[in-house]
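Residues per chain are reported as follows:
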Amino acid sequence: MSAFDRLRRIGIDEISHRRGQRYITVVVDHDSGRLLWAAPGRDQEIVAAFFKLLGPQRCTQIELVSADAGPWIANAVAEYCPNAQRCMDPFHVVAWATDALDRLRRDVWNTARRSGQPTAAANVKGARWVLWKNPQDLSGAQRVALSQIATTNKPLYRGYLLKEQLREVF
């Protein structure tokens, strides 16, 4: 029996293996946790090569594919596994939330700076790592900075809490 025979739920991602944007595309079996396949590069043709190896019958049995939002993965999944549900992987979802929080921080900083609040602007500008770090990894000074944000900047603190709650979900 092949490792592909009972395949239902897979994850597709790329890993960097050298400097200079050198990638390997990997496919894992979510049920067994095993690496199923890997190939150098990261593009739609690479993912299509895996599905061609899998074969049309096995492709129709794929129920779930987790991946980032790269169109090079999405397009291949849509073409070869039309029955599969695509899911975003937790790492990328939390990364997107962190990026949104950083955009909010920059907006708050620009607003404070433009409205003549240099102290508030300086506090927010220096809070990037405070907002990005996991709460358990904050230093004492960073905890103080976060508590100041909680009392002086409700929208930014609310964004931080939303990011952390999303991280906890995963």
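Residues numbered from 1 in each chain as written. Predicted model: local features only at pLDDT ≥ 70, side-chain atom pairs only at ≥ 80, totals over all residues. Heavy atoms only, no water.

Student: Would you explain the overall build of the protein in this entry?
Tutor: When its secondary structure is counted, the protein shows 8 helices and 5 strands. Reading the protein from its N end, one meets helices and strands in the order β-β-β-α-α-β-α-β-α-α-α-α-α. Whereas a compact globule of 170 residues would reach a radius of gyration of roughly 15 Å, the protein reaches 21 Å, over 25% beyond that. The principal-axis extent of the C-alpha atoms belonging to the protein is close to 65 × 30 × 30 Å. For the protein, the residues scored as buried account for 38% of the 170 residues in total. For the protein, contacts bridging at least 24 residues in sequence account for 45% of all contacts bridging at least 6. (Helix = DSSP H or I, 4+ residues; strand = E, 2+ residues; numbered from the N terminus. Rg over C-alpha atoms; globule rule 2.2 N^0.38 Å. Buried < 20%, exposed > 50% of the residue type's maximum accessible area, 1.4 Å probe, protein only. Contact = heavy atoms within 4.5 Å.)

Student: Help me understand the pairing of strand β4 (residues 64-67) in this model?
Tutor: Remark: a regular strand shows side chains that alternate across the two faces of the sheet. As paired elements, strand β1 (residues 9-18) and β4 share 3 bridges and run parallel to each other. Bridge pairing in β4 places Arg9 opposite Leu64. Pairing between β4 and strand β5 (residues 85-88): 4 bridges, direction parallel. If you follow Ser66 over to β5, its bridge partner there is Cys87. In this view, the connection linking β4 to its parallel neighbour β5 by way of helix α3 (residues 71-80) has right-handed handedness. (Pairing = 2+ DSSP bridges. Right-handed = clockwise from strand over helix to strand, strands pointing away.)

Student: I'm lost on the pattern of salt bridges in this one. Help?
Tutor: Close approach of charged atoms allows side chains with opposite charge to pair. For the coordinates displayed, the defined rule picks out 10 salt bridges. Across the pair Lys163 and Glu164 runs a salt bridge, and its minimum N-O distance is 2.4 Å. Judged by its relative accessible area of 7%, Glu164 is buried. The partner of Glu164 in a salt bridge is Arg167, and the shortest N-O contact between them spans 2.7 Å. Of this pair, Glu164 and Arg167 are both found in helix α8 (residues 154-169), 3 residues apart, which corresponds to roughly one turn of the helix. (Salt bridge = Lys/Arg side-chain N within 4 Å of Asp/Glu carboxyl O.)

Student: Would you mind going over the packing of helix α7 (residues 140-152) against α8 with me for this structure?
Tutor: Axis angle and axis distance: for two packed helices, these are the angle between their axes and the distance between the axes, and together they describe the pair. It is the contact of α7 with α8, at a shortest axis distance of 6 Å, that shows an interaxial angle of 120 degrees. Relative to α8, α7 is oriented oblique. As for how α7 packs across α8, the hand of that crossing is left-handed. Taken together, the residues of α8 that come into contact with α7 (itself represented by Leu146, Ile149, Ala150, Thr151 and Thr152) are Lys154, Leu156, Tyr157 and Tyr160. Residues belonging to the contact of α7 with α8 are distributed by class as follows: 6 nonpolar, 2 polar and 1 charged. (Axes fitted to C-alpha atoms, helices over the stretch in contact; angles between N-to-C directions. Parallel < 35°, antiparallel > 145°, perpendicular 65-115°, else oblique. Left-handed = near helix turned anticlockwise from the far one by under 90°. Nonpolar A, V, L, I, M, F, W, Y, C, P; charged D, E, K, R; others polar.)

Student: What should I look at first to understand the confidence of the model for the protein in this one?
Tutor: Any residue range with low pLDDT should be treated as having predicted coordinates unsuitable for detailed reading. Of the residues in the protein, 99% reach a pLDDT of 70 or more, and the chain-wide mean stands at 92. No element of the protein has a lower mean pLDDT than helix α5 (residues 118-125), at 87, and none a higher one than helix α1 (residues 44-54), at 97. (pLDDT = per-residue confidence, 0-100.)

Student: Any chance you could explain the packing of helix α4 (residues 90-114) against α5 here in plain terms?
Tutor: Interaxial distance between α4 and α5 falls to 8 Å at its minimum, and their mutual angle equals 160 degrees. Considering the angle they form, α4 stands roughly antiparallel to α5. Relative to α5, α4 is oriented so that their crossing is left-handed. Note on element contacts: α5 touches α4 through Ala120, Ala121, Val124 and Lys125, opposite Arg105, Val108, Trp109, Ala112 and Arg113. Residues of the contact of α4 with α5, tallied by class, amount to 6 nonpolar, no polar and 3 charged.

Student: Explain the state of the cysteines to me, please; I cannot follow it from the model alone.
Tutor: Here a disulfide denotes a covalent bond joining the sulfur atom of one cysteine to the sulfur atom of another. One pass over the full model with this rule turns up 0 disulfides. No disulfide involves Cys59; its nearest neighbouring cysteine sulfur is the one of Cys81, lying 4.1 Å away. We classify Cys59 as buried; its relative accessible area is 1%. By relative accessible area, which is 1% here, Cys81 ends up buried. (Disulfide = S-S within 2.5 Å.)

Student: Got a minute to help me understand α3 in this structure?
Tutor: An α-helical turn contains 3.6 residues, so any two residues separated by three or four positions project in the same direction. Regarding α3, the residues found buried are Trp72, Ile73, Ala74, Ala76 and Val77. Among the structural elements, β1, β2 (22-29), α1, β4 and β5 are those in contact with the buried residues of α3.

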